[in-house]
Amino acid sequence: MFDFDNWMEIFSTIKKNKLRTFLTGFSVAWGIFMLIVLLASGNGLKNGVTERFGNRAKNSMELWTRRTSMPYKGNPKNRRIEFDQKDIDMISQLAEVEHLSASVGFSGIASYNFESNTCSFDGVYPSQFIIDGMKILNNGRFINDVDMKERRKVAVINKRMREVLFKNEDPVGKSFEANKMSFKVIGVYEADDWGNQSRAFVPFTTAQLLFKKGWGVDNLSLVVQGLNSVEANKEFEKELRAKLAALHQFDPKDDRAIGIWNMLENYLQTMGIFNGINLFILVIGIGTLIAGVVGVSNIMLITVRERTREFGIRKALGASPFSILQLVLMESVLITSIFGYIGMVLGISLSEGLNFLMESASSEGGGRAIFKNPTVSLSIALGATVLMVIAGVVAGYFPARKAVKITAVEAMRAE
């Protein structure tokens, strides 16, 4: 049985060999500390960059029209391309398209009671809510199919517009005027709007009727599915451009005619880069951990060799080989566990401290932190600590087992 006397013996041995204990513990703590810091730094940087993509659906695309840069089938270059209902119908039939929204933009002076402000309006489909990753505040709602069908003059405003026009009032259910027309507020949304401008969404059919005379589309937004690689996204873009070229009679190779921003392609490329960085960090971290394991192993080998004479004396006094082996292994487990925990705590503390400083700096500057939420899987941290403990046990077990097998006389003669 492992009693109090055994523990006192272990602490006495540690006290007599402070330098050896420190070197063993430092190897353990340093290996785990560096592994956690490296992995946390990689994850923190990845999270910071990922957040810059915002709440918008990662598998979304944006299409807009431009001018042709080359003649095609009798059509001159520099011809303006315009989206219309044919484009909406064609794209909505594609198997890869999960959600689709067309938009019509206009601006005006929005006013309510004695308050007024310049506001940008976007006529959109209900699916824009999903594409932009919006959040409706309080008791409001977003545009729905009935609003579209009946061409209702309703609006979903952003937080900035609510603050300017309605102050402390709840705007839902109230009406404001813009371009000599009245719009009823049905909700207040929160999303990743650029800048601090007042903005509102209205039904696409309403905006199209009022400001495009019943036809015309400014932009198209869509969410795709099943495109899980950069190559698949490029192939889809190529096919989509070819179909649009057939509708509008321009050269499919004319990249200037239609602008396409593929968020999923950019996201996959960014994640691919970070996967490579994380792999590199993991290799470096494991290398550091292995160096710590080697350090622990060497020190334990030296420790057992130095104590061979002590083992002989213990055997001569009646100690069993198992009790001697138990002392060595428990000492190893105690040292590696304590210093492994210290290394883990220091690594996590440094990561959290750096995260706090970066978030404080970004909040003061009004931007987003480039380093955010540096986390390391608890299983990785504990696994690294357990690996160090096992390394210390294994490193001490075999030489200790060999040492306790020799006779007491031979052990006491060992140098």
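Preceding this paragraph is the structure being described.
Every residue gets a number counted from 1 within its own chain, in the order that chain's sequence is written. With pLDDT at 70 or above as the cut-off, local features in this predicted model cover only qualifying residues; side-chain atom pairs require 80 or more to be listed or tallied, and sums for whole chains, interfaces and linings still use all residues. Only heavy atoms go into the side-chain values, all of them from the structure, while hydrogens and water stay out.

A.B. asks: What should I look at first to understand the overall build of the chain in this one?
C.D. replies: Along the backbone of the chain there are 13 helices and 10 strands. Values of the radius of gyration come from C-alpha atoms, whereas the globule rule sets the reference at 2.2 Å times the count of residues to the power 0.38. For the chain, whose C-alpha radius of gyration is 34 Å, the value lies well above the compact-globule estimate of 22 Å for 415 residues. Its C-alpha atoms give the chain principal-axis dimensions of roughly 105 × 55 × 35 Å. Per-residue accessibility, obtained with a 1.4 Å probe over protein chains only, is compared with the maximum for each type, and a residue is labelled buried under 20%, exposed over 50%, and partly exposed between these values. Buried residues in the chain amount to 44% of all 415 residues. Pairs of residues are marked as contacts when any of their non-hydrogen atoms sit within 4.5 Å. Pairs at least 24 residues apart make up 77% of the contacts formed inside the chain by residues separated by at least 6 positions. Note that accessible areas follow from Shrake-Rupley with a 1.4 Å probe, and for residues the cover is restricted to the protein chains shown. Accessible surface, the chain: about 21,900 Å² in total, of which carbon and sulfur atoms supply 59%. In the chain, which carries 48 positive and 41 negative side-chain charges, the distance between the mean positions of the two groups comes to 3 Å. Only runs of H or I of at least four residues qualify as helices and only runs of E of at least two qualify as strands under DSSP, and these elements are numbered from the N terminus. His residues and chain termini do not enter the charge count, which takes Lys and Arg as positive and Asp and Glu as negative. Think of each charge as sitting on NZ of Lys, CZ of Arg, CG of Asp or CD of Glu.

A.B. asks: Would you explain unusual backbone geometry in this entry?
C.D. replies: The residue Asn138 is not glycine, and still its phi comes out positive at about 55°. Within the secondary structure, Asn138 sits in the loop between strand S4 (135–137) and helix H5 (145–150). A relative accessible area of 69% places Asn138 in the exposed class. With a phi angle near 55°, Gln249 is a residue other than glycine that sits in the positive phi range. In this fold, Gln249 is placed in the loop between helix H8 (230–248) and strand S10 (258–262).

A.B. asks: What is the right way to look at the side chain of Asp254 in this model?
C.D. replies: Take Asp254: it is sitting in the loop between H8 and S10. Of the side chains with opposite charge, Arg256 lies nearest to the buried Asp254, which makes no salt bridge, at 6.3 Å. The contact partners of Asp254, leaving out residues within four places of it in the chain, are Thr68, Ser69, Met70 and Arg241. Every case where a carboxyl oxygen of Asp or Glu lies within 4 Å of a side-chain nitrogen of Lys or Arg is listed as a salt bridge.

A.B. asks: Whenever I open this one, the packing of helix H2 (residues 18–51) against helix H9 (residues 263–306) confuses me. Can you help?
C.D. replies: Angle between the axes and distance between the axes are the two parameters that describe a pair of packed helices. The contact between H2 and H9 brings their axes to 8 Å, and the two run at 175°. Between H2 and H9, the angle is such that the two are roughly antiparallel. In this classification, Asp, Glu, Lys and Arg are treated as charged, Ala, Val, Leu, Ile, Met, Phe, Trp, Tyr, Cys and Pro as nonpolar, and every other residue, Gly included, as polar. Taken together, the residues that form the contact of H2 with H9 break down as 20 nonpolar, 14 polar and three charged. An axis is simply a line fitted to the C-alpha atoms; with a helix, the fit covers only the stretch in contact. Between two such axes, the angle follows the N-to-C directions and lies from 0 to 180 degrees. Working definition: roughly parallel below 35 degrees, roughly antiparallel above 145 degrees, roughly perpendicular at 65 to 115 degrees, and oblique for all remaining angles.

A.B. asks: Would you mind showing me how to read the environment of Gln225 here?
C.D. replies: Within the fold, Gln225 resides in the loop between strand S9 (219–224) and H8. Given a relative accessible area of 38%, Gln225 falls into the partly exposed group. Each C-alpha atom, one on Gln225 and one on Ala95, is 8.4 Å from the other, the two residues being 130 residues apart in sequence. Here Gln225 is in contact with Ala95, Glu96 and Glu98, once residues within four sequence places are set aside.

A.B. asks: Teacher, can you tell me more about the packing of helix H3 (residues 85–92) against H8 here?
C.D. replies: Look at H3 against H8: their axes get within 11 Å of each other, and the N-to-C directions meet at 145°. In the crossing of H3 with H8, the sense of the turn from one axis to the other is right-handed. Between H3 and H8, the residues in contact are Lys86, Asp87, Met90 and Ile91 and Leu240, Lys243, Leu244, Leu247 and His248, respectively. In terms of residue class, the contact of H3 with H8 is made up of five nonpolar, one polar and three charged. Left-handed describes a crossing in which the near helix is turned anticlockwise from the far one by less than a right angle; the clockwise case is right-handed.

A.B. asks: Help me understand the packing of aromatic side chains in this model?
C.D. replies: Geometry of an aromatic ring pair is reported as the spacing of the ring centres plus the angle between the planes. The pairing test for Phe, Tyr and Trp rings, Trp by its six-membered ring, is centres within 6.5 Å, and the orientation test on the planes gives stacked under 30 degrees, edge-to-face over 60, and tilted for anything in between. Counted according to the given criterion, the structure contains 12 aromatic pairs. Plain terms: the ring middles of Phe121 and Phe176 are 6.3 Å apart, the flat faces sit at 20° to each other, and that makes the pair stacked. Note that Phe121 is positioned in strand S3 (residues 115–124) and Phe176 in strand S6 (residues 175–178), a separation of 55 residues in sequence. By relative accessible area, which is 1% here, Phe121 ends up buried. Using a relative accessible area of 1% as the deciding quantity, one classes Phe176 as buried.

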